[in-house]
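For reference, the chains in residue letters:
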Amino acid sequence: MEDAGESYLLTAVVANAGVVGQWDDIEFEAWQKNRHSRLVGFRVDRDGRMLAQGWTPKVGLTPEAFQAVVRSVAREADRYEFHLTGADRQ
């Protein structure tokens, strides 16, 4: 989790660079997934890893809402990891 001032950015590693490198057009696939997502987005970082990220403002944030974001990022990361690797490893 990154404290970004007035918001939090939650990040989970979906797959390492070795897995990502085995996929053609994975950035395009992530872009397509992001088009249909409201809370969790996917991107490839500088190290070549696929990341799942969710953002939430701090203002009005309740513990329940924060937990919902955490669970959503974790669930979507696990789902995409399984799609890419056939396993839930991380």
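Quantities reported herein were computed from a predicted structural model and do not represent experimental measurements. (Residues numbered from 1 in each chain as written. Predicted model: local features only at pLDDT ≥ 70, side-chain atom pairs only at ≥ 80, totals over all residues. Heavy atoms only, no water.)

Novice: Could you give an account of the environment of Asp-3, with specific residues and numbers?
Specialist: Inspection of the secondary structure puts Asp-3 in strand 1 (residues 2-3). Between the alpha carbons of Asp-3 and Ala-77 there is a distance of 20 Å; along the sequence they are 74 residues apart. The contact partners of Asp-3, leaving out residues within four places of it in the chain, are Tyr-8 and Lys-58. Among the polar contacts listed, one links the side chain of Asp-3 to the backbone nitrogen of Gly-5, at a separation of 3.1 Å. (Helix = DSSP H or I, 4+ residues; strand = E, 2+ residues; numbered from the N terminus. Contact = heavy atoms within 4.5 Å. Polar contact = N/O pair within 3.5 Å; in protein donor to acceptor, adjacent residues only side chain to side chain.)

Novice: Break down the pairing of strand 2 (residues 7-15) for me, with residues and values.
Specialist: Within a regular beta strand, the side chains point alternately toward one face of the sheet and then the other, so they alternate between its two faces. Pairing of strand 1 with strand 2 involves 2 bridges; the strand directions are antiparallel. In the strand pairing of strand 2, Glu-2 is matched with Leu-9. Connecting strand 1 to the next strand, strand 2, in antiparallel fashion are 3 residues, including Gly-5 with a positive phi near 85 degrees. For strand 2 and strand 4 (residues 50-57), the ladder comprises 8 bridges, and the chain directions are antiparallel. The residue of strand 4 that forms the bridge with Thr-11 is Gln-53. (Pairing = 2+ DSSP bridges.)

Novice: Run through helix 2 (residues 26-35), naming residues and quoting values.
Specialist: Three or more residues of helix 2 are buried, namely Ile-26, Glu-29 and Ala-30. The buried residues of helix 2 occupy one face: seen down the axis, they fall within an arc of 100 degrees. (Buried < 20%, exposed > 50% of the residue type's maximum accessible area, 1.4 Å probe, protein only. Arc of directions from axis to C-beta.)

Novice: Would you mind going over the pairing of strand 4 in detail, with residue names and values included?
Specialist: A large share of strand 4 lies buried, amounting to 6 of its 8 residues. As paired elements, strand 3 (residues 40-44) and strand 4 share 5 bridges and run antiparallel to each other. Pairing of Arg-43 across the sheet is with Leu-51, part of strand 4. Linkage of strand 3 to strand 4, two consecutive antiparallel strands, is achieved through a turn of 5 residues, within which Gly-48 is found at a positive phi near 85 degrees.

Novice: Hey, could you go over the environment of Asp-45 for me, with residue numbers and the actual values?
Specialist: Looking at where Asp-45 falls in the secondary structure, it is placed in the loop between strand 3 and strand 4. With 12 residues separating them in the primary sequence, Asp-45 and Pro-57 have C-alpha atoms 23 Å apart.

Novice: If you had to explain the packing of helix 2 against helix 3 (residues 63-85) to someone new, which residues and values would you point to?
Specialist: Put simply, helix 2 and helix 3 touch, their axes get as near as 14 Å, and they point 145 degrees apart. Considering the relative orientation of helix 2 and helix 3, their crossing is right-handed. Of the residues in helix 3, those touching helix 2 at Ile-26, Glu-29, Ala-30 and Lys-33 are Tyr-80, His-83 and Leu-84. Grouping the amino acids of the contact of helix 2 with helix 3 by side-chain chemistry returns 4 nonpolar, 1 polar and 2 charged. (Axes fitted to C-alpha atoms, helices over the stretch in contact; angles between N-to-C directions. Left-handed = near helix turned anticlockwise from the far one by under 90°. Nonpolar A, V, L, I, M, F, W, Y, C, P; charged D, E, K, R; others polar.)

Novice: Talk me through the sheet that holds strand 1; I want residue IDs and the actual numbers.
Specialist: An order of 1-2-4-3 is seen for the 4 strands of this open sheet, with the pairing classed as antiparallel. Both edges of this open sheet fall to strand 1 and strand 3, since each of them pairs with a single strand only. Packing of helix 2 onto the sheet brings it into contact with strand 3 and strand 4, and relative to strand 3 it is tilted by some 170 degrees. The strands touched by helix 3 within the sheet are strand 2, strand 3 and strand 4, with strand 2 carrying the most contacts at an inclination of about 20 degrees.

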